[in-house]
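Letter by letter, the chains look like this.
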Amino acid sequence: MRPDEKKSKSAVAHETYSAGARHFHWWTVALIAIQIPLGVIMTWYGEKYNFASPTAQMYDSHKLLGITILIIVIARFAYRILHGAPGDEPTLEPWQRMISHITHWSIYALLFLVPILGWLAVSAYGPFKPFGIPLPALLAENGDRATFFFTLHKGAAILLALLLCMHVGAAIFHYVIRKDGVLNRMWPGLPRRDGK
Ligand code: HEM
Ligand code: HEM
């Protein structure tokens, strides 16, 4: 086999995201789609109804779900580093490739940062016991630090939400307007749009 033949075969094999990468992607989507609205609703409800029930249950669910997301993101990131990603969709302009890489890596960074900031904040607020389960605190109790990390947690979560709106908008733009194969690379079970 000629070296260029080998190269083109491996390029074909990497044209779409693997089943594992797609599972990780859509599990993250499902959990983040619950977590962000839950964060907004619980803080709004707590302020409006003076922390009446079920505010505490919503807070505890948000904390446990946030830690679960962090664990899944660590596993996903390890998978990404070990398995890589398919080459860029060939129809993309160089600037679109650059923006998509920056957006994807920023989303990964925020998927780590947002839950870690939340964990730091609740540790400083003290005691970290969602539903009575004692979980490790990352910091000693300190009210000022708790306020500081809650502000960062909120700011980073807003940034993540904005990037995700951009990301989803780009996926829909590619599917509906450009009619290229970008969405098919990640959509569960779909082959390439060009049938290759
Ligand atoms: C990817 C994971 C996470 C996302 C996307 C997320 C998102 C959010 C959002 C959108 C809010 C509402 C902010 C506001 O309106 O003030 C919030 C608040 C909050 N989050 Fe998270 N969060 C995550 C993980 C965590 C974790 C792991 C913890 C703790 C272990 C946590 C603890 C809290 C707490 C206690 C609040 C309420 C803050 C307050 O009352 O001012 N979050 N989060
Ligand atoms: C919570 C919401 C989401 C998160 C956190 C997220 C995160 C990511 C990340 C980190 C990547 C890069 C994968 C890699 O190269 O390792 C990616 C790729 C992708 N996502 Fe999302 N995503 C979300 C929602 C969505 C939605 C709703 C859609 C579709 C409407 C979508 C469509 C895609 C597509 C098509 C790719 C592959 C882009 C390419 O071909 O390079 N994502 N997503």
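Counting of residues starts from 1 at the beginning of each chain's written sequence and follows it residue by residue. Chain letters start at A and ligand numbers start at 1, both assigned in the order the entries are written. Local features are withheld for residues below a pLDDT of 70 in this predicted model, meaning they are given only at 70 or higher, and side-chain atom pairs are given and counted only at 80 or more; totals for whole chains, interfaces and linings count all residues.

**Student:** Help me get a handle on the overall build of the protein, residues and values and all.
**Tutor:** When helices and strands are tallied, the protein shows 6 helices and 0 strands. Start at the N end of the protein and walk to the C end: the helices and strands fall as α-α-α-α-α-α. Throughout, a pair of residues is in contact if the C-beta atoms placed from their backbones lie within 7 Å. Across the protein, the fraction of contacts at a sequence separation of at least 24, relative to all contacts at a separation of at least 6, is 66%. Secondary structure elements are taken from DSSP: a helix is a run of H or I of four residues or more, a strand is a run of E of two residues or more, and numbering for both begins at the N terminus.

**Student:** Residues and numbers for the site of ligand 1, please.
**Tutor:** Looking at ligand 1, there are 22 residues lining it, with Gly-39, Gly-66, Pro-115, Gly-118 and Ala-157 nearest. Secondary-structure elements contributing two or more residues to the shell around ligand 1 are α2 (19–48), α3 (55–83), α4 (94–125) and α5 (143–178). Any residue whose backbone-placed C-beta atom lies within 6 Å of a molecule or strand is treated as near that molecule or strand.

**Student:** Describe the site of ligand 2, with residues and values.
**Tutor:** Taken together, 20 residues are adjacent to ligand 2, and Ile-32, Ala-85, His-104, Ala-171 and Met-186 come closest. Looking at the shell around ligand 2, the elements that each hand over two or more residues are α2, α4, α5 and α6 (182–186).

**Student:** Before we move on, can you summarise the nonpolar core with the specific residues and values?
**Tutor:** By convention in this section, buried Ala, Val, Leu, Ile, Met, Phe, Trp, Tyr and Cys residues joined through C-beta atoms within 7 Å make up a nonpolar core. Exposure in this text rests on C-beta crowding, where 20 or more other C-beta atoms within 10 Å of a residue's own make it buried, 12 or fewer make it exposed, and counts in between make it partly exposed. The C-beta atoms are placed from the backbone. Formed by 16 residues in total, the largest nonpolar core has its most connected members in Val-114, Leu-117, Leu-120, Ala-121 and Phe-149. Listing elements by their share of this core, those giving two or more residues are α3, α4 and α5. In terms of residue count, the dominant contributor to this core is α4 (9 residues). Discounting chain neighbours no more than four positions away, the residues touching Phe-149 are Leu-117, Leu-120, Ala-121 and Ala-124.

**Student:** Now, about the packing of α4 against α5: what can you tell me, with residues and values included?
**Tutor:** At a minimum axis distance of 8 Å, the contact between α4 and α5 shows a crossing angle of 155°. In terms of axis orientation, α4 runs roughly antiparallel to α5. When you trace α4 past α5, the crossing you get is left-handed. Axis definition: a line fit to C-alpha positions, over the contact stretch in the case of helices; interaxial angles, taken between N-to-C directions, run 0 to 180 degrees. An angle counts as roughly parallel when it lies under 35 degrees, as roughly antiparallel when it exceeds 145, as roughly perpendicular when it falls between 65 and 115, and as oblique in every other case. Rotating anticlockwise by less than a right angle from the far helix to the near helix defines a left-handed crossing, while the corresponding clockwise rotation defines a right-handed one.

**Student:** Explain α3 to me, using residue names and the numbers behind them.
**Tutor:** Here, expected helix span is obtained from the residue count minus one, scaled by 1.5 Å. In a regular helix each residue adds 1.5 Å, so 29 residues correspond to 42 Å; α3 covers 41 Å between its end C-alpha atoms and thus fits that length. For α3, the set of buried residues is His-62, Lys-63, Gly-66, Ile-69, Val-73 and Arg-76. Against α2 and α4 lie the buried residues of α3. Immediately beyond the C-terminal end of α3, within one or two residues, lies Gly-84, with a positive phi of roughly 70°.

**Student:** An account of α2 is needed here, citing residue identities and associated values.
**Tutor:** In this model, α2 (30 residues) spans 44 Å end to end at C-alpha, consistent with the 44 Å of a helix rising 1.5 Å per residue. Among the residues of α2, Ile-32, Gln-35, Gly-39 and Met-42 are the ones counted as buried. Of the surrounding secondary structure, the elements contacted by the buried residues of α2 are α3 and α5. At the exit of α2 stands Asn-50, carrying a positive phi of roughly 50°.

**Student:** Go over unusual backbone geometry with me, naming the residues and quoting the values.
**Tutor:** Cis peptide bonds are those with omega within 30 degrees of zero, and the linkage from Ser-53 to Pro-54 qualifies with 10°. Summarising the element assignment, Pro-54 is placed in the loop between α2 and α3. Positive phi outside glycine occurs at Phe-51, with the angle close to 60°. Assignment of secondary structure puts Phe-51 in the loop between α2 and α3. In this structure, Lys-179 is a non-glycine residue whose phi angle is positive, near 50°. With respect to the element layout, Lys-179 can be found in the loop between α5 and α6.

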